[in-house]
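What follows is the residue order along each chain.
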Amino acid sequence: MEASPIPIGTCSKEHQKIYKDWFNIADSDGDGRVTGNDATKFLAMSKLSRQELKQIWGIADSKRQGFLGLTEFTVAMQLVSLAQTGYEITSDVLKSSVDVENISLPLMAGLDALSAKKKDLTTNGEREMNGSSHPQVPTSAKWFTSKSARKTPPSAVTSIVDGLKRLYIEKLKPLEVSYRFNDFVSPLLTNSDFDAKPMVMLLGQYSTGKTTFIKHLLRCDYPGAHIGPEPTTDRFVVVMSGPDERSIPGNTIAVQADLPFGGLTTFGGAFLSKFECSQMPHPLLDQITFVDTPGVLSGEKQRTQRSYDFTGVISWFAAKCDLILLLFDPHKLDISDEFKRVISSLRGNDDKIRVVLNKAHQVDTQQLMRVYGALMWSLGKVLNTPEVVRVYIGNFNLPSLGSSFNDKLINEAANDPLGQDLFEKEQDDLLKDLIDIPRKACDRRINEFVKRARAAKIHAYIISHLKKEMPSMMGKAKAQQRLIDNLEDEFGKVQREFHLPAGDFPSVEHYREVLNSYSIDKFEKLKPKMIQAVDDMLGYEIPELLKNFRNPYE
């Protein structure tokens, strides 16, 4: 099972320089992005048919960002060259027997004249700036700090993510601030929350192979990795791409504006001392960030010996992650009350959950059938969903361990062709799921944004309803206590009054706990204009945004 990404977009240094020059020509506003309009003008010089260019854009912009970066642009140019030489353009053409590094440059009619014109403009521009040129910083990075960002011109939006940032700042954030959404549900979003790479979180009891799983995918150790049969990982470790190998303490990571972990400061210094980031250069980490978690302990240790809200942290990461892997091994199938609480904290993120039955090589085929049945029975009592959760069966330990015991296991696996074939197919399926994460990241971001907007609307209805139920003069303390005690009934009133789905409502117990720290009388009344703005955003502006940044050849 190979986890390294396919080296598409790679070429000789000479071609890299040429493609970079072409990219600068195609990038009309110099923001490091070739938008659909830029691409239609530039790719027209290839003289390919509209259908061929549609396929080329679809493959190059596989993440559906709505623009091409330099790597995606290089892929597009390679596909143009292959199409001109008679290759059929498919998503697998660069993965086939084509020698990617020796693909010839495509023929672009009129490019030389356009290049000379662009060079003249660039030279004149540099003279006006006294010989100094600075790359243009993406304007979206300034929207979250600028007071004038509330009215962002549509021309400043050059991608789907930029569009979501603009809608959040102008439409959704005012609603969240007015009704203190960040205190009840989720912290306010920052620029780094939108730009963060997809994340995969691994959960499980101790010694189920979470750290080894990450090591297996990376094919190497990462800084701070500890593996053993005892509970070795005693902290949350974010494994992400970086210029060199190093471990960064949690307090430092939480205050870095370019990383999406600022919200973790709400869990206090006790948690941040048990949080760290491992950075290392790796092609897989350029696409995905992994979150390694401490093993879920059994008994009172889980609740009393952790000095921070463990399930709260898991819930926070679950909302940010694109995929959640629950790891089990054949000898740890029981789901303790503590593990059940952790799984329950994943509520609302059921579509992200995948189950991995690790170390399956430790049992024979007959035992594996019984183990699989027992695992499904256990999960059925915890995951309250009508659908059957996807379970991957495999072993993610063999490449990393070289002991005689494991050599024996490898030999036994080789003598069991049925088991070996099953493990290979299951591991390939899991790898496909992981490889698809970067491609689906933009769709996932839209999905999470819409889910957040609906949650913020319901929160506003709840808070304004509680405010309306408060007396204007006397007996406010008693009225507040009555509302908190009967909060479930109040939720029902809000649901019936505004015709909202019952499944979208938050946890009554959580709201009851937070409300005890507030004076309901000081909450805001319902502001119909804010609600209407969010409705318009969901009904019209987000669909229009997706339409504007779809394949320009459709």
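Look up a bit, the structure's there.
In short, a report on the structure. None of the values given here were measured: they were computed from a predicted structure.

Scoring rules and cut-offs
- Residues numbered from 1 in each chain as written.
- Predicted model: local features only at pLDDT ≥ 70, side-chain atom pairs only at ≥ 80, totals over all residues.
- Heavy atoms only, no water.
- Helix = DSSP H or I, 4+ residues; strand = E, 2+ residues; numbered from the N terminus.
- Polar contact = N/O pair within 3.5 Å; in protein donor to acceptor, adjacent residues only side chain to side chain.
- Contact = heavy atoms within 4.5 Å.
- Phe/Tyr/Trp six-rings, centres within 6.5 Å; stacked < 30°, edge-to-face > 60°.
- Lys NZ or Arg CZ within 6 Å of the ring centre and 35° of its normal.
- Salt bridge = Lys/Arg side-chain N within 4 Å of Asp/Glu carboxyl O.
- Buried < 20%, exposed > 50% of the residue type's maximum accessible area, 1.4 Å probe, protein only.
- Pairing = 2+ DSSP bridges.
- Axes fitted to C-alpha atoms, helices over the stretch in contact; angles between N-to-C directions.

**Points about the side chain of Lys-467**
With respect to the helices, strands and loops of the structure, Lys-467 is situated in helix α18 (residues 417–469). Reaching out from Lys-467, the side chain makes a polar contact with the backbone oxygen of Asp-521 at a distance of 2.4 Å. For Lys-467, the contacting residues outside a window of four places in its chain are Ile-520, Asp-521, Phe-523, Glu-524 and Lys-525.

**A word on the packing of aromatic side chains**
For the structure shown, the criterion picks out 26 aromatic pairs. A ring pair is formed by Phe-267 and Phe-271, whose centres lie 6.0 Å apart and whose planes are at 65°; its orientation type is edge-to-face. Between the aromatic rings of Phe-271 and Phe-275, the centroid separation amounts to 5.5 Å while the plane-to-plane angle is 15°, which identifies the pairing as stacked. Members of the aromatic cluster, connected to one another through ring pairs, are Phe-236, Phe-261, Phe-267, Phe-271, Phe-275, Tyr-308, Phe-310, Trp-316 and Phe-317. Geometry around Phe-67 places Arg-33 over its ring, the cationic atom sitting 4.6 Å from the centre.

**Description of the pattern of salt bridges**
Within this structure, the stated rule accounts for 26 salt bridges. Here Arg-390 and Glu-426 are joined by a salt bridge, their closest N and O atoms 3.5 Å apart. You can see Arg-390 sitting in the loop between α16 (365–382) and β10 (391–393) and its partner Glu-426 sitting in helix α18, a full 36 residues away along the chain. Judged by its relative accessible area of 32%, Arg-390 falls in the partly exposed class. For Glu-426, a relative accessible area of 12% corresponds to the buried category. Asp-521 serves as the salt-bridge partner of Lys-476, at 2.9 Å between the closest nitrogen and oxygen. One end of the pair, Lys-476, is in helix α19 (residues 476–485); the other, Asp-521, is in the loop between α21 (508–515) and α22 (528–548), and 45 residues separate them in sequence. Each of Lys-352, Glu-448 and Lys-451 takes part in a single network of salt bridges with overlapping partners.

**Description of the sheet that holds strand β3 (residues 199–204)**
Reading across from one edge, β5-β6-β4-β7-β3-β8-β9-β10 is the order of the eight strands in this open sheet, with mixed pairing throughout. Only two strands of the sheet have a single partner each, and these edge strands are β5 (246–249) and β10. Taken over all neighbouring pairs, the strand axes of this sheet differ in orientation by 25° on average, direction set aside. Bridging between strand β8 (residues 323–328) and strand β9 (residues 353–357) involves five bridges; their strand directions are parallel. Directly across from Leu-326, in β9, lies its bridge partner Val-355.

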